[in-house]
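So the chains spell out like this:
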Amino acid sequence: MMTSSRLVVALALSALAVAAGCGPQRTSAPVADAAAAATIREGLVAASSAPSVAGEDVVAGSGWASLKGRFVFAGDPGQPAALMIDKDTEVCGKVAKLFDRSLRVDAATKGLADVVVFVRKSSRVKNPVSETPLVFDQKNCEFLSPVFVARVGQPLDIRNSDPVGHNTNIDGTSFNQLIPAGQGTTYKPDTEMGVPKAVTCNIHPWMKAYMILRKDGYVAVSATDGTFEIADLPAGEPLEFQVWHARSTGPSGAVGLQRPDLNWTPKGRFQVTLQADESKDLGTLEVPAGAIGT
Amino acid sequence: MITPSVSNLRHRPAAVPVVLCLASLFMAGCGRTQPASFRLNTVHATKTTAPEGDLERSWSSWSRERQQQVATILEAMFGTPDDPVALAESGLDAAKLQLAAGPVRSDIVGRKNGLYREHCSHCHGISGDGMGPTAAFLNPYPRDYRPGKFKFKSTWRDAKPTNADLVRVLHQGIAGTSMPSFALLAPSQVDALAEYVRYLSIRGETEAALFTYAEQELSGDDQLPTTREFLIDEVLAPIVEKWRAAEDAEIPIAAVPAGVDFSRPGDDPANRESVARGRALFHGDGGCVKCHGVTALGDGQANDYDDWNKAIVEASKEVAGGLEASRETSTSDMSPDRLAEYRTRAEWLHAFAEVLEGDALRPRMIPPRNLRQGVYRGGRRPLDLYRRLYTGINGAPMPGVGPSGPGGKGSVSDAEIWHIVNYIRSLPYEFDGELGADRPMVARDRF
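About the criteria used
- Residues numbered from 1 in each chain as written.
- Chains lettered and ligands numbered in written order.
- Predicted model: local features only at pLDDT ≥ 70, side-chain atom pairs only at ≥ 80, totals over all residues.
- Heavy atoms only, no water.
- Helix = DSSP H or I, 4+ residues; strand = E, 2+ residues; numbered from the N terminus.
- Buried < 20%, exposed > 50% of the residue type's maximum accessible area, 1.4 Å probe, protein only.
- Areas by Shrake-Rupley, 256 points an atom, 1.4 Å probe, with all protein chains shown as cover.
- Contact = heavy atoms within 4.5 Å.
- Polar contact = N/O pair within 3.5 Å; in protein donor to acceptor, adjacent residues only side chain to side chain.
- Disulfide = S-S within 2.5 Å.
- Pairing = 2+ DSSP bridges.
- Axes fitted to C-alpha atoms, helices over the stretch in contact; angles between N-to-C directions.
- Buried area = accessible area lost by both parts, 1.4 Å probe.
- Salt bridge = Lys/Arg side-chain N within 4 Å of Asp/Glu carboxyl O.
- Nonpolar A, V, L, I, M, F, W, Y, C, P; charged D, E, K, R; others polar.
- Phe/Tyr/Trp six-rings, centres within 6.5 Å; stacked < 30°, edge-to-face > 60°.
- Lys NZ or Arg CZ within 6 Å of the ring centre and 35° of its normal.

Peer 1: If you had to explain the overall build of chain B to someone new, which residues and values would you point to?
Peer 2: On a plain count of helices and strands, chain B comes out with 16 helices and two strands. Counting only residues that meet the buried cut, chain B has 49% of its 447 residues in that class. By element, 55% of the accessible surface of chain B is carried by carbon and sulfur atoms, the whole surface being about 21,300 Å².

Set out below in C-alpha cells:
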C-alpha cells in the first residue's frame with residue numbers, strides 16, 4: 001500500500017526527471033536542407049569538363065596615382081590605461097612606463113593613429129617585393145611598431161633588443177619563435193592576411209602589436225596626427241579600400257564612416273577610381289564616437 | 001467514477017501503474033531517435049554574422065538563413081554523419097570513412113562499422129567539435145578538430161600532421177590527458193579513424209572558410225555561390241592541399257651530438273656535460289625558464305590560453321563589452337534608423353551570449369607543463385621532445401626554439417636542442433637540495 005507522501009515524492013521525482021531533460025541547453029542551430037544539398041552535390045560531382053568561364057579581370061587603365069587623407073576621432077578617447085607589469089620587472093617598463101596603445105588620439109589635432117587602410121584587390125603592382133629585411137623590434141618589453149606592415153615574401157628581421165627573452169607569436173601565420181635576449185631571427189611570411197592580426201609575447205602578456213601582410217603592399221597606417229598616404233596605386237580601375245582599427249566596434253575591426261560620396265559601407269570599405277598621376281586627398285575623415293570602443 | 005481522484009489513490013494499488021507510466025516516460029528519454037546530424041560551428045557562425053547597417057528583417061531570421069545555406073553546402077560536400085561523402089577533390093578515402101562513420105553496426109562477421117561513434121564521439125562529438133557529452137568533465141578538454149590545428153606532429157609548425165602523426169597519437173594515446181591508447185584496434189581500424197579525423201577537420205575548415213567568405217564578400221541577402229569553381233577550386237582545394245603537403249613537411253632531425261647517450265638515464269655520468277649545457281640553455285637562450293619556471297615545475301608565466309580557448313575568451317570579452325556599452329547607451333533621443341540599428345545589434349549580442357553559454361565549453365587556462373613529472377603528452381622519446389622544442393606546440397603558447405621554416409635561423413642550434421632534451425629528461429630525477437629535502441621534487445600535489 002502506497003502512502004500519499006510516498007506518492008507525492010514519486011510523482012515529484014518523475015516530474016523532475018522529465019523536466020530535467022537531456023543535458024545542458026545547446027542552441028538550436030539551423031540544419032541542412034537535404035534536397036537542396038543533393039542538387040548542389042550533383043553540380044559538384046558532374047564532369048568537370050566545362051572550363052571555367054570566369055575570365056580574369058580586364059586590366060583597365062595605366063599609370064599610377066596616390067591617395068591620402070586624415071582620420072580624426074570625434075569622441076573622447078579618455079586616458080590610456082597603465083599596463084600591469086608583473087614579469088621581469090627589473091627590465092620591463094623601466095625605460096618608460098608602459099601604457100595601453102590600442103587607441104592613440106593626438107590631443108591637439110584629434111588625429112587618430114593606427115588606422116589601417118589597404119586595397120582589397122588590385123590588378124597591377126608597381127614595385128617588386130623588396131629583398132631588404134624589415135626590422136620588427138621589441139624593447140622595454142614593448143613592440144616598437146604598434147601596427148606593422150609588410151609584404152608577403154619580404155624578409156622580416158625579428159629582433160629582441162631587451163636583455164630578457166621574448167617569444168614573438170604572430171597570429172594567422174603560425175610564427176611563434178623564442179627570440180633570445182639581444183638576438184634576432186629572420187622570417188619570410190608566405191600568407192596574406194585579410195585583416196591585421198595580433199602579435200603577442202606569451203611570456204609578457206601585456207605586449208601586443210598588430211601586423212598586416214599583403215601581397216601588393218598597398219597599405220597605409222595613419223600617423224600620430226591621423227594622416228595616411230598610399231602611393232603608386234594603379235590608376236584607371238575602381239579600387240576598393242578596407243579601413244580597420246584595433247578598437248573598432250564594427251565587424252572584424254571595420255571602421256564605418258558616414259561618407260555616402262565614397263560609398264563607405266558598414267564593412268569599413270570605400271571605393272575610389274584614380275586618374276593617372278592623380279594625388280587624391282580625401283581630406284578629413286571623421287570617425288564617429290560610436291565607431292571606436294573607448 | 002472512471003478517473004480516480006488523488007484522494008482515492010492513497011487507498012488503491014492503481015497508484016502503481018501511474019508511477020510506472022511516469023517512470024517509463026522518463027526512461028523513454030526525449031522522443032524518437034533522430035538520425036545523427038552535424039552541428040554548425042555556431043560560435044564562428046554568430047561571430048561572422050554580426051549585423052552591419054540596415055537589414056530589411058530581423059537579424060535572427062537573416063542569420064538563420066545564412067547559417068542554413070552553409071549547412072546545406074556542407075551537406076552537399078561532406079554528406080551526413082551516417083552517410084559521409086568523399087568528393088574526389090577532397091583526397092579522402094570513401095571506404096575508410098564508411099568504416100569509421102555511422103552508427104555502430106556489423107554486417108560481416110568480424111568487421112565492425114561506426115568506429116568513430118564507438119570510440120571517439122562521446123568526447124570529440126559527432127561533428128568533431130570536441131564537445132561530446134563527456135567533454136565538459138575532462139581536463140584538458142578533448143580536441144576540437146574543426147580549426148584544423150594539431151599539436152603533436154613531426155612537421156613544421158604551420159603544417160598539418162602527417163598520417164603517421166595521427167596514427168601515432170591514436171596508437172599511443174596522450175599521456176597526462178583522457179585520450180586513451182587505441183593500440184588494441186586493428187591497424188586498418190586506426191587508419192580509418194585517422195582518415196575520419198581528417199574528414200572532420202577538412203569539413204570544419206571548409207565551414208569556417210564559407211562563413212568568413214560570407215562575412216567578407218556578401219552583403220544583405222546575397223547567397224553563397226554553389227558552383228564547382230567556388231566550392232571546389234576556391235574553398236576546398238587550398239585546405240586539401242595543406243593536408244597533402246604535410247607528407248613533405250617534416251622538420252629535419254639533426255644528428256645527436258657526441259657525448260649524448262639516450263640509452264642511459266638523463267642524469268647518467270655519460271650525459272653529464274650535455275645535461276649541464278642543456279641546463280644553461282634552459283635558463284638562457286632557450287627561454288624555457290620563462291614559462292616552465294626556475295624550478296621547472298611549470299610555475300612561470302601561467303595565465304595564458306591555447307588558441308581554442310582563446311577564441312572563446314576573446315568572443316566573450318567582445319560580447320560583454322558590447323552588452324555593457326549597449327546598456328549605457330541612452331535610446332531616448334535616437335533617430336528611428338539609429339534605434340533600429342541599436343536593436344539589431346542588441347539582438348545579435350544577446351544571441352552571441354547565448355551561443356557562448358550553450359555551445360562552448362567554459363574556457364580554461366593552459367598551464368606550462370610541469371617538467372618534473374616526466375609525463376610528456378606528445379610522446380616521451382627523445383625524438384618527440386626534440387620535435388616539441390624545435391617547432392614549439394602549434395595552437396599552444398609554447399614557442400619553437402628551432403627555425404620557423406626551412407632556411408630560417410633558430411634561437412639555438414639544432415645540436416643544442418638535443419642538449420635541452422637531455423636536460424629535460426634528467427629533470428624528474430634531478431635533485432640538488434635547493435628545494436629542501438622535505439619537499440618532493442615531483443610536486444604531484446601542486447595544483
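Peer 1: Residues and numbers for the overall build of chain A, please.
Peer 2: Broken down by element type, chain A carries two helices and 17 strands. Every one of the 294 residues in chain A was classed for burial, and the buried ones make up 44%. Looking at chain A alone, contacts between residues at least 24 apart form 69% of all its contacts between residues at least 6 apart. Accessible surface, chain A: about 13,900 Å² in total, of which carbon and sulfur atoms supply 54%.

Peer 1: Account for the side chain of Ser90(B), naming residues and giving values.
Peer 2: Residues and elements named next belong to chain B. Mapping serine 90 onto the fold places it in the loop between α4 (59-78) and α5 (94-100). A distance of 2.6 Å separates the side chain of serine 90 from the backbone oxygen of leucine 87, its partner in a polar contact. When sequence neighbours within four positions are dropped, the list of residues in contact with serine 90 reads Ile202, Leu236 and Val240.

Peer 1: Give a detailed account of the state of the cysteines, specifying residues and quantitative values.
Peer 2: Applying the stated criterion to the full structure yields one disulfide over all chains. With its sulfur 1.9 Å from that of its partner, Cys92(A) forms a disulfide with Cys141(A). Since a negative S-S torsion denotes a left-handed disulfide, the Cys92(A)-Cys141(A) link at about -50° is left-handed. Placement of the pair is Cys92(A) in the loop between β1 (64-73) and β2 (116-119) and Cys141(A) in the loop between β4 (138-139) and β5 (142-143), with a sequence separation of 49 residues. Residue Cys141(A) is classed as buried on the basis of its relative accessible area of 0%. Not part of a disulfide, Cys201(A) finds its nearest cysteine sulfur in Cys141(A), a span of 7.6 Å. Sulfur of Cys288(B): no disulfide; nearest cysteine sulfur belongs to Cys291(B) and is 9.4 Å away.

Peer 1: So what about the sheet that holds strand β11 (residues 197-200) of chain A? Which residues, and what values?
Peer 2: Residues and elements named next belong to chain A. Sheet architecture is open: five strands sit in the order β6-β12-β11-β8-β9, paired in mixed fashion. In this open sheet, the two strands that pair with only one neighbour each are β6 (147-151) and β9 (175-179). Ignoring which end each strand starts from, the neighbouring axes of this sheet average 25° apart. Here five bridges tie β6 to strand β12 (residues 208-214), and the two strands are oriented parallel to one another. Of the residues in β12, the one forming a bridge with alanine 150 is leucine 213.

Peer 1: Could you give an account of the interface of chain A and chain B, with specific residues and numbers?
Peer 2: The interface is formed by 59 residues belonging to chain A together with 72 residues belonging to chain B. Between chain A and chain B, the buried area comes to about 5,400 Å², and carbon and sulfur atoms account for 55% of it. Interface area lost by chain A to chain B is led by Arg26(A), Pro30(A) and Leu44(A), which between them contribute 14%. Linking chain A to chain B there are four salt bridges. Taken together, the links from chain A to chain B amount to 27 residue pairs in polar contact (both at pLDDT 80 or more). The set of elements that each furnish at least two residues to the side of chain A that touches chain B consists of α1 (4-20), α2 (34-45), β9 and β10 (184-187) of chain A. Sort the elements by how many residues they give to the side of chain A that touches chain B and α2(A) lands first, with eight residues. Its residues assigned to classes, the side of chain A that touches chain B shows 29 nonpolar, 22 polar and eight charged.

Peer 1: A description of the packing of aromatic side chains should follow, citing residues and the corresponding values.
Peer 2: All names here are of chain B. The final tally for this structure, using the stated rule, is 20 aromatic pairs over all chains. Consider the rings of phenylalanine 282 and tyrosine 423, whose centres lie 5.3 Å apart with planes at 70°: the pair is edge-to-face. Placement of the pair is phenylalanine 282 in helix α11 (residues 272-283) and tyrosine 423 in helix α16 (residues 414-426), with a sequence separation of 141 residues. Clustering of aromatic rings is evident, with ring pairs tying together Phe38, Phe78, Tyr116, Tyr196 and Tyr199. Taking NZ or CZ as reference, arginine 143 lies 3.7 Å from the ring centre of tryptophan 308, over its face.

Peer 1: Before we move on, can you summarise the environment of Thr391(B) with the specific residues and values?
Peer 2: With respect to the helices and strands, the residue Thr391(B) is situated in helix α15 (residues 382-391). Leave out the neighbours within four places in its chain, and Thr391(B) touches Thr155(B), Trp156(B), Arg157(B), Ile251(B) and Gly400(B).

Peer 1: Got a sec to walk through the environment of Lys94(A)? Specific residues and values, please.
Peer 2: Residue and element names in this part refer to chain A. Within the element layout of this structure, lysine 94 appears in the loop between β1 and β2. For lysine 94, a relative accessible area of 59% gives the class exposed. As a C-alpha pair, lysine 94 and lysine 197 span 103 residues in sequence and 28 Å in three-dimensional space.

Peer 1: Pulling in residues and values, what's your account of the sheet that holds strand β16 (residues 269-273) of chain A?
Peer 2: Pairing between sheet strands relies on hydrogen bonds along the backbone, with the strands arranged either parallel or antiparallel. Residue and element names in this part refer to chain A. If you walk across this open sheet you meet the four strands as β13-β2-β15-β16, and the pairing is antiparallel. On the outer flanks of this sheet lie β13 (219-221) and β16, each paired with one strand and no other. Pairwise comparison of adjacent strand axes, ignoring direction, gives a mean angle of 20° for this sheet. In the sheet, β2 pairs with β13 via three bridges, with the strands oriented antiparallel. The partner of valine 117 across the bridge, within β13, is alanine 220.

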